[in-house]
Amino acid sequence: MAVAGVLGFVLIFIESMIVMKIKGYHGIEFGGLAPFINVWAMNFFVVFAILTQITNWYQDRVGFESGEDNIY
């Protein structure tokens, strides 16, 4: 979960840079701490869901290659 929190925070800056380049802005005003935390939370859950799927895929792949019988 810590990785998802950090990557969610990094994703805010990547998204901000993209918006600033496209629109020609020099900075972005989030409108306070609450909207910033809301954006961070959305990014956290997106990254968490992606990392969870990658982890499940990797565990299934390694389990099937080692010859275990996984019954789902």
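Conventions adopted
Residues numbered from 1 in each chain as written. Predicted model: local features only at pLDDT ≥ 70, side-chain atom pairs only at ≥ 80, totals over all residues. Heavy atoms only, no water. Helix = DSSP H or I, 4+ residues; strand = E, 2+ residues; numbered from the N terminus. Buried < 20%, exposed > 50% of the residue type's maximum accessible area, 1.4 Å probe, protein only. Contact = heavy atoms within 4.5 Å. Areas by Shrake-Rupley, 256 points an atom, 1.4 Å probe, with all protein chains shown as cover. Polar contact = N/O pair within 3.5 Å; in protein donor to acceptor, adjacent residues only side chain to side chain. Phe/Tyr/Trp six-rings, centres within 6.5 Å; stacked < 30°, edge-to-face > 60°.

**Notes on the overall build of the chain**
Each helix and strand in the chain was counted, giving two helices and zero strands. Scored against the burial criterion, the 72 residues of the chain give a buried share of 15%. Contacts in the chain between residues at least 24 apart in sequence constitute 68% of all its contacts with a sequence separation of at least 6. Roughly 5900 Å² of accessible area belongs to the chain as shown, and the carbon and sulfur atoms make up 70% of that amount.

**A word on the side chain of serine 16**
Here serine 16 shows up in helix α1 (residues 2–23). Excluding residues that lie within four positions of it along the chain, serine 16 makes contacts with Ile28 and Phe30.

**Structural notes on the side chain of asparagine 43**
Tracing the backbone through its elements, the reader meets asparagine 43 in helix α2 (residues 33–65). Separated by 3.3 Å, the side chains of asparagine 43 and glutamate 15 make a polar contact. Setting aside residues no more than four positions away along its own chain, asparagine 43 makes contact with Gly8, Leu11, Ile12 and Glu15.

**Remarks on the packing of aromatic side chains**
Per the counting criterion, the structure on display carries seven aromatic pairs. Taking the centre distance of 6.0 Å and the plane angle of 85 degrees together, the rings of phenylalanine 9 and phenylalanine 36 count as edge-to-face. Within this pair, whereas phenylalanine 9 is found in helix α1, its partner phenylalanine 36 is found in helix α2, the two being separated by 27 residues in sequence. Residue class for phenylalanine 9 comes out partly exposed when judged on its relative accessible area of 30%.

**Topic: the environment of phenylalanine 45**
Mapped onto the secondary structure, phenylalanine 45 falls in helix α2. For phenylalanine 45, a relative accessible area of 54% gives the class exposed.

Read these as geometric descriptors, not functional statements.
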